Amino acid sequence: MTKFKRSTFFIPSAETFSKASIRWIGYDHLCLPCRLHALQWFILQALPDAMAIQCIFKDSLGTRKKELEKESRRAKSDAKDTPYVTNSLATAGQRKYSIEVLRLAFVILNWVYVNFLRPAKNLRKYGSWALVTGPTDGIGKSFAFQLAKTGLNLVLVGRNPDKLKDVSDSIQAKYAKTQIKSVVVDFSGDLDEGVERIKEAIEGLDVGVLINNVGISYPYARFFHEVDQVLLKNLIKVNVEGTTKVTQAVLPGMLKRKKGAIVNIGSGAAIVIPSDPLYSVYAATKAYIDQFSRSLYVEYRKSGIDVQCQVPLYVATKMASIKRSSFFVPSTDVYARAAMRWIGYEPCCTPYWPHSFIWGVLSILPEKLIDAGRLQFSIGIRKRGQLKDARKKE
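Residues numbered from 1 in each chain as written. Predicted model: local features only at pLDDT ≥ 70, side-chain atom pairs only at ≥ 80, totals over all residues. Heavy atoms only, no water.

The name that an unreviewed UniProt entry assigns to the chain is Very-long-chain 3-oxoacyl-CoA reductase 1, with the source organism given as Citrus sinensis.

Caption draft 1: Region of interest: helix 10 (residues 280-300). Between its terminal C-alpha atoms helix 10 stretches 30 Å, which fits the 30 Å expected from 21 residues at 1.5 Å a residue. Within helix 10, burial applies to Val281, Tyr282, Ala283, Thr285, Lys286, Ile289, Asp290, Phe292, Ser293, Leu296, Tyr297 and Tyr300. Packed against the buried residues of helix 10 are helix 8 (229-257), strand 5 (260-265), helix 9 (268-271), strand 6 (305-310) and strand 7 (348-349). (Helix = DSSP H or I, 4+ residues; strand = E, 2+ residues; numbered from the N terminus. Expected span 1.5 Å × (residues − 1). Buried < 20%, exposed > 50% of the residue type's maximum accessible area, 1.4 Å probe, protein only. Contact = heavy atoms within 4.5 Å.)

Caption draft 2: Summary view of the pattern of salt bridges. Inspection of the entire model under this criterion finds 14 salt bridges. Residues aspartate 169 and lysine 165 are paired through a salt bridge, measuring 2.9 Å at the closest nitrogen-oxygen approach. Of this pair, aspartate 169 and lysine 165 both sit in helix 6 (residues 161-174), 4 residues apart, which is roughly one turn of that helix. Aspartate 169 gets classed as partly exposed once you look at its relative accessible area, which sits at 37%. Put simply, arginine 222 and aspartate 228 hold a salt bridge, and the shortest N to O gap is 4.0 Å. For arginine 222, a relative accessible area of 11% puts it in the buried group. Overall, the relative accessible area of 37% leaves aspartate 228 in the partly exposed class. Taken together, the shared-partner salt bridges in this structure form one network comprising Asp192, Glu241 and Lys245. (Salt bridge = Lys/Arg side-chain N within 4 Å of Asp/Glu carboxyl O.)

Caption draft 3: Examining the pairing of strand 4 (residues 207-212) more closely. Of all the 6 residues making up strand 4, 6 are buried; the element is thus mostly covered by neighbouring parts of the structure. Bridge analysis of strand 1 (residues 129-133) against strand 4 gives 4 bridges, and the strand direction is parallel. Within strand 4, the residue paired with valine 132 across the bridge is isoleucine 211. In the classification by handedness, the crossover that spans strand 4, the intervening helix 8 and the parallel strand 5 is right-handed. (Pairing = 2+ DSSP bridges. Right-handed = clockwise from strand over helix to strand, strands pointing away.)

The structure is reproduced here in structure tokens:
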């Protein structure tokens, strides 16, 4: 049907494919039985404009298939032209294979370019000020230092005035020319009042970069029926409402100046893995951040505003309860340096390249296998958390 006579590394024989397919029957509702096909799918999806490339690829294959069918019908109606048509079909198959190889090569080269060679944008072109929520610890704090390093002044928004002062002093000790404004906002408290304070603080400022980093997670893993009302309310209020309302406060100024960059910190829990059992509400709030960012990107990119959802996997932070960094679990400073290079580009990205490698591996594995492994992992965290709670009560 595809007119390919020889199998290759990426184009298996019918026998090889059928052997792989047999192992998948009765499992996932959607699958790519051949692992190499799954790898190609991941590469196409994980890179800039991958969705468009994939659509073009599918469309071109569909068009070519129709052309081959027309040629086949002509061959049946005119026996004299059979040798010519056969050669034409063989040539078409070779061209199709060549196009597939070229596209895959392009995707791989593009991945190398965006991760290692593409220059970071000059963020000062967006404006002279950057606003960062949740800047007193973790990724937000590292972002604040990196932004100050580029020469941007800072508006730091957090709930603890003492920690805000400590971060401000530390930044100014290293980057003396940086102007810093601190705004105290409890995102789990009276958010409307806090947003008004943000509006007052940025009045007249050329805020060109917004980093929506503030967020909370579970103290430890728990089943949905074990999530108390206070935690449920705070997860939605901080992660969803907080990001939404801060964006709504800063966006009008960007629209007036017709330039700006908005970065919303998402999570691999909502995008990279098929599910995040025992962290269901947290994962759902981060899925909101992803779709919110993608939609704003489409709405405002013609207005000069670049909106992006950055999707980290595990980073060594207090929220993740990880103290030591490693190759696959970077420190907040390492992650922030990688993240800065991506601001202003794709609407959704995984800035730290080893994380994109993990994403690729996970995309090849069956969803049920990932779900089962994640469930057992989370149950282990839940047991340890319950033991700590029991000791505190004693």
